[in-house]
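# Observations on the model geometry
Each chain, written out:
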Amino acid sequence: MMKRTLLSLLTASLLLGAATAQANSPAYVDSKEYKALLDPSRFASNPSSAAATLLHDLGTRLTALKFDKTLTGNFSAGDRDTLTYIDTPHTCQLMARGYSVRTRAGDHNDIQFKFRHPDEELSYWTDVTGAGKNQKTKLETDVTPGNLVLAHSTSQDATTTPATVADLIKQFPGASTLSDISSASLSKVAGVTVTQQEYDGPESDIGQSVAEFTLTLWYVDGATTPALAELSFRVEADDDKYFTTPVLQRSQVLNQALGSIGNGWNLANDGGKTSWLYAYRSSSYPNGFCQ
C-alpha cells in the first residue's frame, strides 16, 4: 500500500513538473486602444468643423475631470480605405468562435485575421498565423465604454478575398481550428462595403507614453453621409517600462471622458464598430446578417 502511494505521488509530481514546463508564458500587449461610438449625424454636413467642435468639447470634459495633462493638435483628414468584413451568412460562425476577417484597400492594402476574447492569455496563445507577405502580428487591448477584450491579429498583404473557410485557412494557417466548417462559404458581412475615413492629429502626453487620437467615419456603400462615427485613442507599450501606473491612470481618465463627452455626442448603445456592422440591416439582409 505504501509503495502504491509513493508511486502515485511520484507520478503526480512528474505530471505536475511536465505541466509546469509546458505552461504558457505571460502575455504582454503591444498597445491599448480606447474607443467610443458617437452620433454620426453630427458629421453629416461638415466633418472637419464637427471634429473641431468635438475636440473642444472633449477638452472641456477633461478639464471637468481634472485631467493633469494637456490635449494638443487638431484633427485633419488622414487615411481613407475601403473595408469589407467576411463571415458565414446567416450563421456567423467566425464571430461565434471569436474570429473576424477584414480586408482593406486604399491607403492600406491588406487582409486581417483576428481573434478576440476577454482572457488575455487565451487571446495571446490562440494561433492567428498568416502565410502571406509582410505579416504584422499584434496583441491589443480593445476598450469600449461597456466592454474590454484582448485582440490578437495578423495582417498581411491582400491577394484574393477568401470565398470559403478552406480558402481562409490557406491564407491563415492559424485558422485551421475552423477546419470542421472548411466547406462553408464566406460573404460580405451585411452585404455591404464600408468606406473608412480617418482624421488624426490630436495627442496627449500621459507620462512615459502618448495617447494618439483618431476620429473614424464609416460610409456604407458609397453614401455621402456617415452611418458610424468613432472617437478613439491608442497608447503604445513602452519597451522598457511597459505601462507605468501614471500612464494607466491617465488613460482611464481619458477613457472616462470618451464615454461621457456630453453635448449629445455619445450613443447610448456602444458595442464597437465590428458589432455595429454585424447588426446592420441592409436590403440584402433585412433581418440582419446573422439571421
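Residues numbered from 1 in each chain as written. Predicted model: local features only at pLDDT ≥ 70, side-chain atom pairs only at ≥ 80, totals over all residues. Heavy atoms only, no water.

### Some remarks on unusual backbone geometry
Convention followed: A helix here means a DSSP run of H or I that spans at least four residues, while a strand means a run of E at least two residues long, and both kinds are numbered starting from the N terminus. Buried residues are those whose accessible area, probed at 1.4 Å on protein chains only, stays under 20% of the maximum for their type, while exposed residues exceed 50% and partly exposed ones sit between those limits.
Here the phi dihedral of K66 falls at roughly 60°; this positive angle occurs in a residue that is not glycine. Tracing the backbone through its elements, the reader meets K66 in the loop between α2 (47-64) and β2 (76-87). Positive phi, close to 75°, is recorded for H90, a residue that is not glycine. Locating H90 in the fold gives a position in the loop between β2 and α3 (93-96). Assessed through its relative accessible area of 47%, H90 is described here as partly exposed.

### What about the state of the cysteines?
Put plainly, two cysteines are in a disulfide when a covalent bond ties their sulfur atoms together. This is how it is decided: Disulfide assignment relies on a single distance test, namely cysteine sulfur atoms paired within 2.5 Å.
Counting across every chain of the model gives 1 disulfide. Between the sulfur atoms of C92 and its disulfide mate C290 the distance is 2.0 Å. Linking C92 and C290, the disulfide has an S-S dihedral of approximately -95° and is accordingly described as left-handed. Residue C92 is located in the loop between β2 and α3, and its partner C290 is located in the segment after α7 (273-279); the two are separated by 198 residues in the primary sequence.

### Notes on the nonpolar core
Note on soluble globular proteins: their nonpolar side chains tend to be buried together. Here is the rule we go by: The term nonpolar core refers to a set of buried residues drawn from Ala, Val, Leu, Ile, Met, Phe, Trp, Tyr and Cys, joined through side-chain atoms within 4.5 Å. It only takes one pair of heavy atoms within 4.5 Å for two residues to be counted as in contact.
By size, the foremost hydrophobic cluster in this structure holds 37 residues, and its most contacted members are L38, F43, F213, L215 and L231. Secondary-structure elements contributing two or more residues to this core are β1 (31-38), α2, β5 (136-144), β9 (210-220), β10 (228-236) and α6 (245-259). Counting residues per element, this core draws most heavily on α2, which supplies 6 residues. For L231, the contacting residues outside a window of four places in its chain are Y34, K35, A36, L38, L54, L58, F75, F213, T214, L258 and I261. F113, L178, I181 and L186 belong to the second largest nonpolar core, which has 17 residues in total.

### Let's talk about the packing of aromatic side chains
The line we're drawing: Aromatic rings from Phe, Tyr and Trp, taking only the six-membered ring of Trp, are treated as a pair when their centres fall within 6.5 Å; an angle between ring planes under 30 degrees marks them as stacked, one over 60 as edge-to-face, and anything in between as tilted. Any Lys NZ or Arg CZ found within 6 Å of a ring centre and within 35 degrees of that ring's normal is scored as a charge over the ring.
Considering all chains together, one arrives at 14 aromatic pairs under this definition. Note on W276 and Y280: the rings are 5.2 Å apart at their centroids and 40° apart in plane angle, and the pair reads as tilted. For W276, a relative accessible area of 22% corresponds to the partly exposed category. Overall, the relative accessible area of 24% leaves Y280 in the partly exposed class. Grouping aromatic residues by their ring pairs yields a cluster made of Y85, W218, W276 and Y280. Cation over ring: K32 sits above F243, and NZ or CZ is 5.1 Å from the ring centre. In this structure, R42 is placed above the aromatic ring of W265, and the distance from its NZ or CZ to the ring centre is 3.8 Å.

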